[in-house]
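# A closer look at the structure
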Amino acid sequence: QAQLEESGGGLVQAGGSLRLSCTVSGRRTSSTYACGWFRQGPGNEREFVSTITWNGSGTRYADSVKGRFTISRDRNTVYLQMNSLKPEDTAVYYCEARDGFLGMGLTGRDYPYWGQGTQVTVSS
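In short, a report on the structure. (Residues numbered from 1 in each chain as written. Predicted model: local features only at pLDDT ≥ 70, side-chain atom pairs only at ≥ 80, totals over all residues. Heavy atoms only, no water.)

### Section: the environment of alanine 14
Summarising the element assignment, alanine 14 is placed in the loop between β2 (10–13) and β3 (18–26). The sequence separation of alanine 14 and aspartate 110 amounts to 96 residues, and the corresponding C-alpha distance is 31 Å. Residues in contact with alanine 14, not counting those within four places in the same chain, are Leu85, Pro87, Val122, Ser123 and Ser124. (Helix = DSSP H or I, 4+ residues; strand = E, 2+ residues; numbered from the N terminus. Contact = heavy atoms within 4.5 Å.)

### Observations regarding the nonpolar core
Ranked by internal contacts, the top residues of the largest apolar core, which has 31 residues, are Leu4, Trp37, Phe69, Leu80, Met82 and Tyr93. Setting aside its immediate chain neighbours within four residues, leucine 4 contacts Cys22, Thr23, Val24, Cys95, Glu96, Ala97, Tyr113, Trp114, Gly115 and Gln116. (Core = buried A, V, L, I, M, F, W, Y, C linked by side-chain atoms within 4.5 Å. Buried < 20%, exposed > 50% of the residue type's maximum accessible area, 1.4 Å probe, protein only.)

### Some remarks on the packing of aromatic side chains
Applying the stated criterion to the full structure yields 5 aromatic pairs. The interplanar angle of 65° and the centroid separation of 5.7 Å between the aromatic rings of phenylalanine 38 and tryptophan 114 together place this pair among those described as edge-to-face. Residue phenylalanine 38 is located in strand β4 (residues 33–40), and its partner tryptophan 114 is located in strand β10 (residues 113–114); the two are separated by 76 residues in the primary sequence. For arginine 46, the ring lying beneath its charged end belongs to tyrosine 94, and the centroid distance is 3.6 Å. Its end group placed over the ring of tyrosine 111, arginine 98 keeps NZ or CZ at 5.8 Å from the ring centre. (Phe/Tyr/Trp six-rings, centres within 6.5 Å; stacked < 30°, edge-to-face > 60°. Lys NZ or Arg CZ within 6 Å of the ring centre and 35° of its normal.)

### A closer look at the environment of serine 7
With respect to the helices and strands, serine 7 occurs in strand β1 (residues 2–7). The exposure class of serine 7 is partly exposed, given its relative accessible area of 37%. Along the primary structure serine 7 and glutamine 119 are separated by 112 residues, whereas in three dimensions their C-alpha atoms are 8.9 Å apart. When residues no more than four places from it in sequence are discounted, the contact partners of serine 7 are Arg19, Leu20, Ser21 and Thr118.

In structure tokens:
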């Protein structure tokens, strides 16, 4: 069982930057989990943003954020650096985790552990 807690959301103008953090805790160290970020905007379904392997050796990004967002991890924390933010990036961002041996997942059903989410609002 893993517990995830996101932080770092907020209000930013278009073109600005934010860094989201996800702290993973539980009986096992966070380094045994593959982690990722999803988001859900107003009136939209939850969508994949980015994912990273348990050891940080591999990453994947949605086309909509490629070149602007960077996922990374350090010990018990997974980060999402978001640059050149656009109003369409406005959403609640969720961190999720699954057993590291399963590799990266690209859909919500791939991840059994979720955080509560953090709101990101980008004004035009």
